[in-house]
Structures are given as C-alpha cells and as structure tokens.
Amino acid sequence: MTGTKLKAGRKTIELSNAEKVLFPGDEITKGDLAGYYRGVAGLMLPLLRDRPVSMTRFPDGITRHAIVQKNVPAYFPDWITRARVRKEGGSLQQVVIDKPATLVYLAGQACIELHAFLSRLDRIREPDLLSDELGLPAFVKTTGGKGLHVHVPLNPADDFDTVREFAHQVADVLASRNPDLLTTEQRKDKRGPRIYADIMRNAYAQLAVAAYSVRARPGAPVATPLSWDEVEDKNLSPHQFTLRTLPDRTRGNGPSAGPWAGMARRRTGLARARAALRRLTA
C-alpha cells in the first residue's frame, strides 16, 4: 500500500507507508485512519470551520512518543489553510481544517487526534462554545476517554473570562444540588467516586477534542456526538464508538442530521441564563 493515493474532495492525497500500523493489537493502519477521516469529513468540517487546530501525531504508533504540534510545519503544502494566532510572547501559525483533503493529509502525517479552539477566527477571544450547561441548549459528546463534554452554542459576544466565570458559577450550583454525584474539586484524591465538573477549558487558546476525532488509545475510540437519551443509558461506554464502528453509526448522516443537527441555529446569549442563575443563588 506504500504510495497509496486517496481522493478527498477535489484533491488526491498520496499517503506514504499507508500500511504502517498505528494501533498495535487492533491492526489499524495509517491508511485506515485516512479512510475514516475522509468518511466523516462532511460531519467534521462544519464543526471545525474557522477554528485553529492542534495536531497530536504518532509517527511510530500510539505506543510510542506523541508529537503535539500547534505550529504548521514548513513542509505542509500551500493549499492547507493556516491562521496566525497570538499567544503570550509571540504567535503561532496553526492549521484550519476547511476541506476534506486537509483531514486526509493530516492522517497521512500520523495525526490521530485533533483538538480545536472553543472560538472562531473572527472573534478569537469570544467563545461560541461553553462546556457546561444549566437551562441552555446543550449538546453532548463522548471524549473518547472516560468523560463527556457538554457544549452550549453561544453568540460570540462575551469574552473568555466572562464565560468561564459563568461556567464556574453554574458548576458550583450543580455540585451543590448533587453533592454525591458532582464535584468541582480539582484534586483527584478529594473527588472520590464523584464526577468532576471541569470548566477550566473555557479560556483563550484552550482546546477541546474535536467531535469525531479519533483518540490515540487501544481500540481507536472516537469522540462521538450523542443524544441525551444515549447519555441516560446505563450501558453507555466510550469504547463502543470507534474508528471501525462510527461509519455504520453515521452512514447517511450529513451536517443537518445526527445528534448535533441544528446546533449552529441554536446559538444563545448569556443574559437570560445569568438572570436565572442569580435567582437560583439568591
């Protein structure tokens, strides 16, 4: 399979060493990874639009050293979209995934995991996704690990500090109402069996694993959008959604179908939610 060519959208990507196994024990190859990302591109691209992405690469497979790349390497082709993102003491030039070929090319670079900004380029310091919820339109996904991410689509009006403070207050209310189930305690040794309500990703340049991203773990689990009915299923396991099972789950689903259908149309502001929160904590 060396030198395998894979057509993605209007481009054809040549994959070197496509037969290279990236997931030992599962016999999942670089070619399999590229084929998966080509297959879910229609679902991923609307969610990643205008969001800088951090790449986690495993050139020698998931049992070996990972390379986390935020800057675009000089050898990446010119057709891959880049965005200059400011950071403390300088800036980074990061990948923006806006075409199926970019997903396939990154897979060819053994990029297994994709982690995206919670804000878009035109309002980079004003998030349009909030990771915790109370009385707001909310969408949920597995992380491909042990946790769940709750996304609230926001109008990009408030800055990250404002949104994080709101999320912090929401998490405190939820934890106080469900003290045996939830906690905001950051130290693992103090959480016990409780679920950690983590709001710390609500900050500039913080990242969240992209929906439909493969995770670099045995079995190749995928960060998978869910319905809330699925969340209530006691048998729910992140390991049931993998590179090999997702194609069957998403077959026939376009951006307007599936558990996250209509997400962009349900963007909301925080004014009404803040008022409700004040009433709850008065």
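Further up the page is the structure itself.
Here the residue numbers are simple positions, counted from 1 along each chain's written sequence. Whole-chain, interface and lining totals are the exception, using all residues; otherwise, since this is a predicted model, local features are given only for residues with pLDDT of at least 70 and side-chain atom pairs are given and counted only at 80 or more. In computing side-chain values, all of the structure's heavy atoms are included and hydrogens and water are not.

Participant: Before we move on, could you go through the pattern of salt bridges and cite the residues and values that matter?
Facilitator: By convention in these notes, a salt bridge is any Lys or Arg side-chain nitrogen within 4 Å of a carboxyl oxygen on Asp or Glu. Inspection of every chain in the model, using the stated rule, returns twelve salt bridges. Taking the shortest distance from any N to any O, the salt bridge between Asp-161 and Arg-164 comes out at 3.0 Å. One end of the pair is Asp-161 and the other is Arg-164, both in helix H3 (residues 160-177) and three residues apart, which spans about a single turn. Under the relative-accessibility criterion, Arg-164 is labelled partly exposed at 23%. A salt bridge links Asp-248 to Arg-251; the nearest nitrogen and oxygen atoms lie 2.6 Å apart. Members of the salt-bridge network, linked through shared partners, are Arg-51, Arg-120, Asp-128 and Arg-267. Think of it this way: any DSSP run of H or I at least four residues long counts as a helix, any run of E at least two long counts as a strand, and we number them from the N terminus. Each residue is placed in one exposure class: buried if its accessible area under a 1.4 Å probe, protein chains only, is under 20% of its type's maximum, exposed if it is over 50%, and partly exposed if it falls in between.

Participant: Go over the side chain of Lys-30, please, and point to the residues and values.
Facilitator: When you line up the elements, Lys-30 lands in helix H1 (residues 30-48). We treat Lys and Arg as the positive residues and Asp and Glu as the negative residues; His and chain ends play no part in the count. Despite its burial, Lys-30 remains without a salt bridge, the nearest opposite charge being carried by Glu-19 at 8.1 Å. In contact with Lys-30, not counting residues within four places along its chain, are Ser-16, Asn-17, Ala-18, Lys-20, Leu-22, Ala-107 and Gly-108. It only takes one pair of heavy atoms within 4.5 Å for two residues to be counted as in contact.

Participant: Now, about the sheet that holds strand E16 (residues 225-226): what can you tell me, with residues and values included?
Facilitator: Two strands form a pair only when DSSP identifies at least two bridges running between them. What the four strands build is an open sheet, ordered E10-E12-E11-E16; its pairing is antiparallel. Two strands in the sheet have a free side with no partner beyond their single neighbour: strand E10 (129-130) and E16. Looking at chain direction, E10 and strand E12 (residues 148-153) are connected through two bridges and run antiparallel. Bridge pairing links Leu-130 to Val-152 in E12.

Participant: How would you summarise the packing of aromatic side chains if you had to cite specific residues and measurements?
Facilitator: Any two rings among Phe, Tyr and Trp, with Trp reduced to its six-membered ring, count as a pair given centres within 6.5 Å; such a pair is stacked if its planes are under 30 degrees apart, edge-to-face if over 60, and tilted if neither. Within this structure, the stated rule accounts for seven aromatic pairs. Look at Phe-76 and Tyr-105: their rings are 5.1 Å apart centre to centre, the planes differ by 80 degrees, and that puts the pair in the edge-to-face class. Here Phe-76, found in the loop between strand E6 (67-69) and strand E7 (82-87), pairs with Tyr-105, found in helix H2 (residues 100-108); they are 29 residues apart in sequence, far enough to count as distant. Each of the two residues, Phe-76 as well as Tyr-105, counts as buried. Taking 6.2 Å as the distance between ring centres and 90 degrees as the angle between the ring planes, the aromatic pair formed by Phe-117 and Tyr-204 counts as edge-to-face. Remark: Tyr-204 occurs in the loop between strand E14 (195-196) and strand E15 (207-209) and Phe-117 occurs in strand E9 (residues 111-117); sequence separation between them is 87 residues. Ring-pair connections join several aromatic residues into one group, and the members of that group are Tyr-75, Phe-76, Trp-79 and Tyr-105. Criterion for a charge above a ring: Arg CZ or Lys NZ at most 6 Å from the ring centre, at most 35 degrees from the ring normal. Its guanidinium or amino end placed over the ring of Tyr-204, Arg-125 lies 4.0 Å from that ring's centre, counting from NZ or CZ.

Participant: Now, about the side chain of Ser-119: what can you tell me, with residues and values included?
Facilitator: Looking at the secondary structure, you find Ser-119 in the loop between E9 and E10. Think of a polar contact as two N or O atoms within 3.5 Å of one another; within protein, one of them needs to be a possible hydrogen donor and the other a possible acceptor, and neighboring residues in sequence only count if both atoms come from side chains. A distance of 2.7 Å separates a polar side-chain atom of Ser-119 from the backbone oxygen of Ile-124. Setting aside anything within four residues of it in sequence, one finds Ser-119 in contact with Asp-50, Arg-51, Pro-52, Ile-124, Glu-126, Pro-127, Asp-128 and Phe-160.

Participant: Hey, could you go over H2 for me, with residue numbers and the actual values?
Facilitator: H2 sits mainly inside the fold: eight of its nine residues count as buried. Restricting attention to buried positions, one finds in H2 the residues Ala-101, Thr-102, Leu-103, Val-104, Tyr-105, Leu-106, Ala-107 and Gly-108. On its buried face, H2 is in contact with strand E1 (4-8), strand E2 (11-15), H1, strand E5 (52-57), strand E8 (90-96) and E9. In the stretch just after H2, Ala-110 is the one whose phi turns positive, near 60 degrees.

Participant: Give me the lowdown on the packing of H1 against H2, citing residues and values where you can.
Facilitator: Remark: H1 packs on H2, axes separated minimally by 8 Å, with the N-to-C direction vectors making an angle of 155 degrees. Between H1 and H2, the crossing angle belongs to the class labelled roughly antiparallel. Two packed elements cross with a definite hand, and for H1 against H2 that hand is right-handed. Of the residues in H2, those in contact with Lys-30, Leu-33, Ala-34, Tyr-37, Arg-38, Ala-41, Met-44 and Leu-45 of H1 are Pro-100, Leu-103, Val-104, Ala-107 and Gly-108. Structural elements are reduced to axes, namely lines fitted to C-alpha atoms, with helices fitted over the stretch in contact, and the angle between N-to-C directions of any two is expressed from 0 to 180 degrees. To sort the angles, those under 35 degrees are grouped as roughly parallel, those over 145 as roughly antiparallel, those from 65 to 115 as roughly perpendicular, and the leftovers as oblique. The hand of a helix crossing depends on one turn: near helix anticlockwise from the far one by less than a right angle means left-handed, and clockwise means right-handed.

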